[in-house]
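Per-entry structural report
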Amino acid sequence: MRFAYYPGCSARSTCAELNVATHRVAQRLGLDLLQLESATCTGARELRAIDPAGFYTLNVRILALAEREQLPLMTICNTCTLNLLDAHAAFVSDEKLSHAINGTLAEEKLKYSGRTKISHFLWVLYENIGEARLRELVTNPLTGLTVAAFYGCHITRPPLRYGFVDSRNNAALERLAEILGCRPIDYSGRTECCGFHTAAHDEKVAIKLTGQHILSAKTGGARAMVTPCPLCHTVLDGFQREIESDLGQELGVPVLHLPQLVGLALGLSPEELNLDRHVVATAEIARIAGKNGAMNAAE
Amino acid sequence: MLEVQTSPRDGASRIGQAEHDDTLLARNSRIAPGASIVVRIRRQSNGGDRYDTFNVPYRKWMRVLDALNWIAENAATDLAYRWICGSKMCGTCAVRMNGREVLACWEAVEPEMTIEPLRNLPVIRDLVVDRTPFENKVARLEPWIERPDAYTGFPEPLSHKQMKDASKALDCIGCMCCYSACPVIGLGDLTDFAGPAPLVQLGQTALDPRNSPVKVARSLALTGIFNCVSCYKCEEVCPAAIPIVSRVIEPLKAKAAQLLPEHARHSRALRRIIAERGRVDPGALVLRVQGLRAFGRLPRIIRLLLRGKINPLRTLFGTKTTAAEPARRLLGREVSQ
């Protein structure tokens with residue numbers, strides 16, 4: 001199964017471990033990833049607001065790169081996924097816009113006809129691998145790991161894209177966590193916002209919002225959190241010390257990227273998945289994964 | 001015929017929807033006539049704060065408002081709640097039902113409901129909130145049109161396209177669902193963010209092409225609009241289905257970036273970095289937006305350095321990538337001012 005693969009900016013910089021883990025897990029899953037090297041940033045939230053034309057062109061160019069390879073596109077970032085879905089929607093709904101973009105892309109001998117299927121890694125697991133096959137591939141069930149799924153926003157809202165009346169009803173991560181052998185918990189922060197998108201100019205909103213979510217996960221008994229978005233991860237993990245200072249209490253909740261959690265259950269080692277690159281220590285998770293692995297080997 | 005990629009009903013992006021009755025049809029048909037529903041209502045008055053529970057006989061197509069009316073008529077005649085039209089026009093009956101902002105007149109009851117007043121506004125009594133903070137904010141934003149030129153008479157040469165975003169904002173019924181759902185407003189005075197509802201009110205005139213840019217700039221300067229975190233909570237709960245983020249807040253941000261460029265430092269810096277490098281190094285973004293202030297987080301910088309998450313050379317000078325050239329070509333020109 002072959003995919004054009006768009007890692008986004010975070011997974012190539014501050015969350016490079018996510019890119020490493022995705023490639024390793026993809027290999028285990030039998031996914032052949034063609035990384036789109038010349039793909040640009042999708043513009044995060046900022047470009048789409050101040051320069052819609054530039055935003056659409058950058059995103060449609062990424063879709064055109066995948067279409068040139070005649071491959072579906074796999075993403076690993078919530079915001080990139082929504083940006084690409086939005087750009088695709090604008091492209092197919094506005095003939096004048098699509099004509100203008102293709103005019104610009106023609107300079108690079110690229111053309112988009114609107115056929116690229118966009119899919120986040122989370123959806124690929126269900127739609128392309130399938131639950132039954134995934135269960136077969138789980139060689140190291142993460143029994144004993146109580147995990148809090150943190151969806152973030154752009155994989156479950158807006159309703160226009162994802163169709164939920166109430167985005168809290170999304171259950172894809174919890175169902176997956178169960179397949180991997182974990183025990184998912186219910187807590188108030190599941191589909192809340194991490195505040196990443198204003199953090200570059202003022203991080204106090206991110207610190208306050210995410211503090212509530214981590215605290216609620218910890219109070220609910222989570223020993224780890226897992227997120228399908230590197231932007232959420234940056235705040236949950238990278239800002240956790242500042243969040244602890246703000247709350248006046250220790251949290252110490254390790255936060256995994258989704259492919260890392262999957263990788264552990266598929267038998268990859270914490271080292272192979274770059275678990276040591278996180279700010280909050282992941283030793284507890286590595287211990288649980290290692291213990292289960294040893295028990296499975298003994299059986 | 002090409003189509004917008006929506007999430008198929010059986011697709012992975014909708015997992016959870018079926019088992020949680022997350023469709024309008026499912027919500028409207030989950031209780032059998034004759035059954036009893038359990039309604040817990042948060043009651044606040046004179047410093048008291050408690051939840052009262054009522055068993056309400058279900059009638060077919062029963063709305064939250066019907067349940068409240070039954071309780072007020074049969075079980076708690078002192079229950080305070082507000083409604084006028086009963087048909088999604090007046091915007092006065094919004095409450096939180098099971099943690100979600102809804103119009104009582106337009107929402108089907110659930111078998112067990114906890115009804116609370118809206119958040120982020122003072123409670124007067126029970127489910128009635130004081131809208132004064134919102135109204136004061138809106139008044140301060142001067143949501144009206146000041147023409148830069150003399151009125152040319154009727155009809156004015158306006159196209160649908162020119163009014164496409166303002167017309168969405170004009171669908172607002174002022175119910176405050178979005179204001180209650182907004183997580184940034186929930187943080188109180190931490191930022192100067194005006195919040196979704198005041199911005200939608202402002203958008204009705206600020207996105208109107210007849211308005212004076214000077215006037216629009218004066219209003220936008222008071223909104224703290226770049227503190228919107230783009231979480232889409234407001235869009236999710238809007239009973240008028242206004243795409244608040246994409247059709248009101250983002251167009252207002254675009255105007256702010258043109259008229260008040262110093263307010264849009266973050267957005268403009270991100271655009272410049274993409275145009276120069278093709279991809280964004282978060283460290284470079286923070287450095288450009290915050291300047292020397294960024295070094296106030298020295299402990300974090302050291303932590304990230306130790307984990308190999310940031311690379312000072314890459315932050316300062318960038319790395320050569322094949323994404324840079326196309327980005328430069330596509331974005332090289334500054335957005336017209």
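Residues numbered from 1 in each chain as written. Chains lettered and ligands numbered in written order. Predicted model: local features only at pLDDT ≥ 70, side-chain atom pairs only at ≥ 80, totals over all residues.

1. A closer look at the overall build of chain A
- Along its length, chain A carries 14 helices and 8 strands.
- Taking 299 residues into account, the globule formula puts the C-alpha radius of gyration at 19 Å, and chain A, at 19 Å, falls close to it.
- For chain A, the C-alpha atoms occupy an extent of roughly 60 × 45 × 35 Å along the three principal directions.
- Out of the 299 residues in chain A, the part that is buried amounts to 62%.
- Relative to all contacts within chain A whose residues are 6 or more apart in sequence, the contacts with residues 24 or more apart total 80%. (Helix = DSSP H or I, 4+ residues; strand = E, 2+ residues; numbered from the N terminus. Rg over C-alpha atoms; globule rule 2.2 N^0.38 Å. Buried ≥ 20, exposed ≤ 12 C-beta atoms within 10 Å, placed from the backbone. Contact = placed C-beta atoms within 7 Å.)

2. Observations concerning helix α14 (residues 283–298) of chain A
All names here are of chain A.
- The terminal C-alpha atoms of α14 lie 22 Å apart, and with 16 residues this matches the ideal 22 Å at 1.5 Å per residue to within 8%.
- Here α14 has its buried residues at Ile285, Ile288, Ala289 and Asn292. End-on view of α14: buried residues confined to an arc of 95 degrees, all on one side of the axis. Structural note: α14 exposes Ala283, Arg287, Ala294, Ala297 and Ala298 on the side pointing more than 90 degrees away from its buried face.
- At its buried positions, α14 is contacted by β7 (224–227), β8 (255–257) and α13 (258–265). (Expected span 1.5 Å × (residues − 1). Arc of directions from axis to C-beta.)

3. Considering the pairing of strand β4 (residues 100–103) of chain B
Residue and element names in this part refer to chain B.
- Relative to β4, strand β3 (residues 94–97) is paired through 4 bridges, and the arrangement is antiparallel. Within β4, the residue paired with Val95 across the bridge is Val102.
- The turn joining β3 and β4, which pair antiparallel and follow one another in sequence, is formed by 2 residues; a positive phi near 50 degrees is taken by Asn98. (Pairing = 2+ DSSP bridges.)

4. Some details on the sheet that holds strand β4 (residues 118–120) of chain A
Residue and element names in this part refer to chain A.
- Spatial ordering of the open sheet is given by β2-β1-β3-β4, a layout of 4 strands whose pairing is parallel. Since the sheet does not close on itself, it has two edges, and those belong to β2 (32–35) and β4, each with one partner. Across the sheet, the mean angle from the axis of one strand to that of its neighbour is 40 degrees, orientation sign disregarded.
- Relative to β4, strand β3 (residues 73–75) is paired through 3 bridges, and the arrangement is parallel. Bridging from a neighbouring strand, Leu73 pairs with Ile118 of β4.
- On the sheet, helix α6 (residues 121–129) packs against β3 and β4 and is oriented at approximately 100 degrees with respect to β4. (Axes fitted to C-alpha atoms, helices over the stretch in contact; angles between N-to-C directions.)

5. A few points about the domain arrangement of chain A
Residues and elements named next belong to chain A.
- Domain annotation for chain A reports domain 1 (2–121) and domain 2 (131–298).
- Its C-alpha centre places domain 1 at a distance of 24 Å from the equivalent point of domain 2.
- Domain 1 puts 25 residues into the contact, and the matching count from domain 2 is 25 residues.
- For the side of domain 1 that touches domain 2, the secondary-structure elements that each account for two or more residues are α1 (16–29) and α4 (78–93).
- For the side of domain 1 that touches domain 2, the element with the highest residue contribution is α1, accounting for 9 residues. (Domains from an automatic or database assignment.)

6. Quick notes on the packing of helix α7 (residues 213–220) of chain B against helix α9 (residues 244–259) of chain B
Residue and element names in this part refer to chain B.
- Where α7 contacts α9, the axes come no closer than 10 Å and their chain directions differ by 105 degrees. Relative to α9, α7 is oriented roughly perpendicular. Contact with α7, carried on its side by Pro213, Val216, Ala217 and Leu220, involves Leu252, Lys255, Ala256 and Leu259 of α9 and no other residues of that element.
- Grouping the constituent residues of the contact of α7 with α9 by class yields 7 nonpolar, no polar and 1 charged. (Parallel < 35°, antiparallel > 145°, perpendicular 65-115°, else oblique. Nonpolar A, V, L, I, M, F, W, Y, C, P; charged D, E, K, R; others polar.)

7. Topic: the nonpolar core
- Val147, Met225 and Val226 of chain A together with Cys178 of chain B are the most contacted members of the largest nonpolar core, which has 188 residues in total.
- The greatest single-element share of this core, amounting to 9 residues, is contributed by helix α3 (residues 52–68) of chain A. (Core = buried A, V, L, I, M, F, W, Y, C linked by C-beta atoms within 7 Å.)

8. Digging into the sheet that holds β8 of chain A
Residues and elements named next belong to chain A.
- One open sheet accounts for 4 strands, arranged β6-β5-β7-β8; its pairing is parallel. A single partner strand is all that each edge strand has here, and the edge strands are β6 (183–184) and β8.
- By the bridge criterion, 3 bridges tie β7 to β8 in an arrangement that is parallel. Pairing of Val226 across the sheet is with Leu256, part of β8.

9. Structural notes on the environment of Tyr6 of chain A
Residues and elements named next belong to chain A.
- For Tyr6, the position within the fold is in strand β1 (residues 2–6).
- Looking at Tyr6, the number of C-beta atoms within 10 Å reads 24, which means it is buried.
- Between the C-alpha atom of Tyr6 and that of Thr234, which follows or precedes it by 228 residues, the distance is 18 Å.
- When neighbours within four sequence positions are excluded, Tyr6 is seen to be in contact with Leu36, Ala39, Ile62, Leu73, Thr75 and Cys80.

10. Examining unusual backbone geometry
- For the bond from Arg157 of chain A to Pro158 of chain A, the omega torsion is 5 degrees, close enough to zero to count as cis.
- Mapped onto the secondary structure, Pro158 of chain A falls in the loop between β5 (146–149) and α8 (159–162).
- In the segment running from Phe154 of chain B into Pro155 of chain B, the intervening peptide bond is cis, with an omega of -10 degrees.
- Residue position: Pro155 of chain B is located in the loop between α3 (132–140) and α4 (164–169).

11. Things to note about the environment of Leu158 of chain B
- Examined against the element boundaries, Leu158 of chain B turns out to sit in the loop between α3 and α4.
- Taking C-alpha positions, Leu158 of chain B is 43 Å from Met62 of chain B, a pair spaced 96 residues apart along the chain.

12. Overview of the interface of chain A and chain B
- Between chain A and chain B, the contact holds 70 residues from the first and 68 residues from the second.
- Those elements that place two or more of their residues in the side of chain A that touches chain B are α2 (46–50), α3, α4, α6, α8, α9 (172–179), α10 (204–219) and α12 (240–247) of chain A.
- The residue makeup of the side of chain A that touches chain B, split by class, is 29 nonpolar, 22 polar and 19 charged.

13. Comments concerning the domain arrangement of chain B
- For chain B, the domain assignment lists domain 1 (19–129), domain 2 (132–259) and domain 3 (264–331).
- Computed from C-alpha atoms alone, the centre-to-centre distance between domain 2 of chain B and domain 3 of chain B is 31 Å.

14. Describing the confidence of the model for chain B
- Of the residues in chain B, 97% reach a pLDDT of 70 or more, and the chain-wide mean stands at 93.
- The ipTM, which scores confidence in the relative placement of chains, is 0.95 for this predicted complex, and the corresponding pTM is 0.95. (pLDDT = per-residue confidence, 0-100.)

15. Remarks on the packing of helix α6 (residues 196–206) of chain B against α9 of chain B
All names here are of chain B.
- α9 packs onto α6 with a crossing angle of 65 degrees between their chain directions and a minimal axis gap of 10 Å. As far as their axial angle goes, α9 and α6 are roughly perpendicular. When you trace α6 past α9, the crossing you get is left-handed. Of α9, the residues touching α6 (which contributes Pro196, Leu199, Val200, Gly203 and Ala206) are Ile244, Val248, Ile249, Leu252 and Lys255.
- Its residues placed into classes, the contact of α6 with α9 shows 8 nonpolar, 1 polar and 1 charged. (Left-handed = near helix turned anticlockwise from the far one by under 90°.)

16. Examining the pairing of β2 of chain A
- Note that β1 of chain A and β2 of chain A share 4 bridges and pair parallel. If you follow Arg2 of chain A over to β2 of chain A, its bridge partner there is Asp32 of chain A.

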